[in-house]
Amino acid sequence: MTVGRDDRPGRAAAWVCFVWAFVGVGLAVASWSIATPLMASPDEPAQSIQAGAAVRGQIDEPLVAGPVGRWSKVTVPRYLLSAGSVPTCFSFKSNVSAGCAPSVSDSDTPAEAVTQFSNYPPLYFLVVGLPTLAMHGARAVYAMRMAGALLDAALLALGLFVLARYYPRRRILAGALLALSPMVFFITGMVGDSGMEIAAAFAAWAACLCVVRREDVPRPLCVATALSLVLFTLSRPTSPAYVAIALVVLAVLAGWRRVRDLLGARSTKAVAVALAGAFGVAFVMVGVGGLPSLLGGPTTPPLTHLQEVQKTFSLTWSHLHQAIGNFGWTDTPVPWGVTVVWAAGVGAVIVAGAVCSGRIGAALAVLVVAVVALPVVLESPRINAVGPYWQGRYWLPLLVGLPLVALAFERRRPSRAAGTGRRVLGVVGAVAGAGLLVAAQLGGFLTALHRYETGLGVGPRARAQWGPPGGAGLMVVLFAVGYGLVVLFALVYGGVLVRQASPVGRSAPAVSSGPAVSPAPSGGGRDGDQLVVVRSPSRTNSGARIRRLAITSSQWRQRVPRGVTRQAMTPARWGTW
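All values reported here derive from a predicted model rather than from experimental measurement.

S.K.: Would you take a moment to explain the overall build of the protein chain for this structure?
M.R.: Per the secondary structure count, the protein chain includes 22 helices and 8 strands. Looking at the protein chain residue by residue over its 577 residues, the buried ones come to 54%. Put simply, 78% of the contacts in the protein chain that link residues at least 6 apart link residues at least 24 apart. Accessible surface computed for the protein chain: about 24,100 Å², of which carbon and sulfur atoms make up 64%.

S.K.: What am I meant to see in the packing of aromatic side chains here?
M.R.: Each aromatic ring pair is specified by the distance between its two centres and by the angle formed by the two planes. Per the counting criterion, the structure on display carries 22 aromatic pairs. When the ring of Phe185 is compared with that of Phe479, the centres are 6.4 Å apart and the planes differ by 90 degrees; the resulting orientation is edge-to-face. Taken together, the positions of Phe185 in helix α7 (residues 182–188) and Phe479 in helix α21 (residues 472–493) put the pair 294 residues apart, joining distant regions of the chain. The structure contains a cluster of three or more aromatic residues connected by ring pairs, namely Trp32, Phe185, Phe186, Phe327, Phe445, Phe479 and Tyr483.

S.K.: It is not clear to me how the state of the cysteines should be interpreted in this structure. Could you clarify?
M.R.: One covalent bond between the sulfur atoms of two cysteine residues makes up a disulfide. Scanning the entire structure with this criterion turns up 1 disulfide. Residue Cys89 pairs covalently with Cys100 via a disulfide, S to S 2.0 Å. Residues Cys89 and Cys100 are joined by a disulfide whose S-S torsion is about 90 degrees; by sign, that bridge is right-handed. Linking Cys89 in the loop between α3 (78–84) and β3 (110–115) with Cys100 in the loop between α3 and β3, this pair joins segments that are 11 residues apart in sequence. You can call Cys89 partly exposed: its relative accessible area is 23%. For Cys100, a relative accessible area of 39% corresponds to the partly exposed category.

S.K.: Whenever I open this one, helix α14 (residues 316–325) confuses me. Can you help?
M.R.: Quick reminder: α-helices carry 3.6 residues per turn. Residues three or four places apart thus point the same way. For α14, the tally of buried residues reaches 7 of 10 residues, placing the bulk of the element in the interior. Where α14 is buried, its residues touch α7, α13 (305–314), β4 (326–327), β5 (332–333), α15 (336–356) and α18 (396–399).

S.K.: Looking at this structure, I do not really get the pairing of strand β1 (residues 63–66). What am I missing?
M.R.: Within a regular strand, the side chains alternate between the two sheet faces. As paired strands, β1 and strand β2 (residues 69–77) are joined by 4 bridges and run antiparallel to one another. Its bridge partner being in β2, Leu63 is matched across the sheet by Ser72. Between the antiparallel neighbours β1 and β2 lie 2 residues.

S.K.: Can you help me understand a nonpolar patch on the surface in this one?
M.R.: The grouping of Trp15, Val19 and Val23 at the surface amounts to a nonpolar patch, some 310 Å² of accessible area in total. Here Val23 shows up in helix α1 (residues 7–35). Since its relative accessible area comes to 37%, Val23 is described here as partly exposed.

S.K.: Help me out: how do you make sense of the sheet that holds β1 in this one?
M.R.: Sheet strands associate in pairs through backbone hydrogen bonding, adopting either a parallel or an antiparallel arrangement. Here 3 strands make up an open sheet; going across it, the order is β1-β2-β3 and the pairing antiparallel. Lying at the two open borders of the sheet, with one neighbouring strand each, are β1 and β3. Averaged over all pairs of adjacent strands, the angle between strand axes in this sheet comes to 45 degrees, irrespective of strand direction.

S.K.: Which parts of the structure should I look at to understand the side chain of Thr332?
M.R.: With respect to the secondary-structure elements, Thr332 resides in strand β5. Looking at Thr332, its side chain comes within polar contact range of the side chain of Asp331, at 2.9 Å. Here the side chain of Thr332 touches Arg451 through a polar contact of 3.1 Å, side chain to side chain. Excluding anything up to four places from it in sequence, Thr332 contacts Asn326, Phe327, Thr447, Ala448, Arg451, Tyr452 and Leu456.

S.K.: Just to check I follow, could you spell out α15 for this structure?
M.R.: The end-to-end C-alpha distance of α15 is 30 Å, a good match for the 30 Å that 21 residues give at a rise of 1.5 Å each. Restricting attention to buried positions, one finds in α15 the residues Val338, Thr339, Trp342, Gly345, Val346, Val349 and Gly353. Down the axis of α15, the buried set is contained in an arc of 145 degrees. They therefore lie on one face. Facing away from the buried surface of α15 by more than 90 degrees, the exposed residues are Trp336, Val340, Val351 and Val355.

S.K.: Would you mind going over the pairing of β3 with me for this structure?
M.R.: Of the two faces of β3, the one holding Ala111, Ala113 and Thr115 is buried and the one holding Pro110, Glu112 and Val114 is not buried anywhere. For β2 and β3, the ladder comprises 6 bridges, and the chain directions are antiparallel. Considered in β3, the bridge of Val76 is made with Ala111.

S.K.: Got a minute to help me understand the pattern of salt bridges in this structure?
M.R.: Think of it this way: side chains of opposite charge can pair up when their charged atoms draw near. Evaluated as defined, the whole model comprises 6 salt bridges. Of the charged contacts in the structure, one is a salt bridge between Arg393 and Asp43, with a shortest N-O distance of 3.1 Å. Placement of Arg393 in the loop between α17 (383–386) and α18 and of Asp43 in the loop between α1 and α2 (44–54) is noted, with a sequence separation of 350 residues between them. Between Arg451 and Asp331 there is a salt bridge; the shortest N-O distance is 3.3 Å.

S.K.: Please clarify how the packing of helix α5 (residues 138–166) against helix α8 (residues 193–213) should be interpreted in this entry.
M.R.: Two numbers describe a pair of packed helices, the interaxial angle and the distance between the axes. The geometry of α5 relative to α8 is characterised by a closest axis approach of 8 Å and an angle of 15 degrees between their N-to-C directions. Here α5 is positioned roughly parallel relative to α8, judged by the angle of their axes. The way α5 lies across α8 gives a crossing that is left-handed. Only Gly195, Met196, Ala199, Ala200, Phe202, Ala203, Ala206, Ala207 and Cys210 of α8 make contact with α5, whose side of the interface consists of Leu151, Asp152, Leu155, Leu156, Leu158, Gly159, Leu160, Val162, Leu163 and Tyr166. Among the residues forming the contact of α5 with α8, the class breakdown is 16 nonpolar, 2 polar and 1 charged.

S.K.: Would you take a moment to explain the environment of Arg213 for this structure?
M.R.: Tracing the backbone shows Arg213 in helix α8. Sequence separation between Arg213 and Ala254 is 41 residues; the distance between their C-alpha atoms is 7.7 Å. One polar contact links the side chain of Arg213 to the main-chain carbonyl oxygen of Ala408, over a distance of 2.7 Å.

Definitions and cut-offs
Residues numbered from 1 in each chain as written. Predicted model: local features only at pLDDT ≥ 70, side-chain atom pairs only at ≥ 80, totals over all residues. Heavy atoms only, no water. Helix = DSSP H or I, 4+ residues; strand = E, 2+ residues; numbered from the N terminus. Buried < 20%, exposed > 50% of the residue type's maximum accessible area, 1.4 Å probe, protein only. Contact = heavy atoms within 4.5 Å. Areas by Shrake-Rupley, 256 points an atom, 1.4 Å probe, with all protein chains shown as cover. Phe/Tyr/Trp six-rings, centres within 6.5 Å; stacked < 30°, edge-to-face > 60°. Disulfide = S-S within 2.5 Å. Pairing = 2+ DSSP bridges. Patch = residues over 30% accessible without salt bridge, like charges linked within 9 Å, V, L, I, M, F, W, Y side chains within 5 Å. Salt bridge = Lys/Arg side-chain N within 4 Å of Asp/Glu carboxyl O. Axes fitted to C-alpha atoms, helices over the stretch in contact; angles between N-to-C directions. Polar contact = N/O pair within 3.5 Å; in protein donor to acceptor, adjacent residues only side chain to side chain. Expected span 1.5 Å × (residues − 1). Arc of directions from axis to C-beta. Parallel < 35°, antiparallel > 145°, perpendicular 65-115°, else oblique. Left-handed = near helix turned anticlockwise from the far one by under 90°. Nonpolar A, V, L, I, M, F, W, Y, C, P; charged D, E, K, R; others polar.

Okay, structure coming up:
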């Protein structure tokens, strides 16, 4: 027996849920794409050249020695080289506006260029490079950004969608808002494979948490999980290591029994096969193309091994600040107020998760150790050759999972029905917290826009020397509307503004034997109560046993018997968990 809604209304609600998330995230990401000058993000010139070369069949070109490292020579339209010179006059100069930038040439004649990304996984570059086959000049570069922004926004929306539709506790959407820091929206709006890696990582964390926490794993969730994990794995050369870390964290969170059940379930075997195939492709790419090439100069004087590690650790707080928000060529940090809001929010949910669940505390400890260790493992051995190169955005594929894992706990004690006063207090607190996040996001966006319009050293009322296509005012409105839709999505599907019986379209685990719902005896409860009787002599899809239970719908909020899932307790007319 399955307690749930009719399939057709559920599917309609699911489409509304996904489109809502996609429109909100898409507007926010696209606003960053348009409001940021061309090539004003780390490695965007070389990544754009690689995208233009990849769609013309130039993949994994030989690396040759250059003045600051090894790179590949490719042939691309001349306007891509012209676009690469746009940020020369204002990059790393936060007090200089983008008004000094030269215009982008419209010439599409072939020209020789260099890029250090030729041996990177080509999937992202093939998608982003498509506009260069039909357009030219600045319009082609903006179209490249928009192509990447649509892909990344779809993955971020997929993460929000699976949390709203499949996760059994709605508080997880608060973690999603914290995971989507200002830096996430900025990076996903630029031309760069880091954007796809971060967006796919967010979708993968969300989908895998749903798989871990649900009693059943429906086919659409399996498809979303497999798709996000495959894209995550094939984003960048180091992505398989990030995926492996995420899987270890999720295994600690789930426990051995749940991991064993998932590995033996037919529904998740297809996910495992898809992920294994992606790992195989990634390892072949690294074996054929070699390790990623890094550009930079040697450290003078050379550091000892201990000094290399010390140097890496000394930059930790700066990198964490970058992960919250440091735009442009890491020359436009968000105001400290934004950093405080985000650090306080993430810190609060980490403490709450660790206190409420020992298993979540263990999973968070593994994740934090991995985050701290990554620069030591990847950066320290190469500091003497190329200098410090680690940036906060490299952490984001793991950091977006931190607040999601922290809010994956179950209450230790059953919660009783909240009174009106407590309900109002909860709504006010949630809305106030959401308002702080909106203010912080707008603060970061306005700071970046001001930096490019006039430079940070000029007052806010100074005359703008540069402006994005469509005007700065329109970009601010679009971003505010987009992020406002994302926050409203979390409040509505999180049950803050609209009390829902269940997340969209969720179905309860199937149980067998005997009628599951029967009328309550007279006097057994208030009018309209239903008596839920569940007998399950066999195991559920996940292997967990559900013992016999008889309870009325007016009682199910007051107590949760040990060993019985809430799915088994919910009457059909209340929806499902």
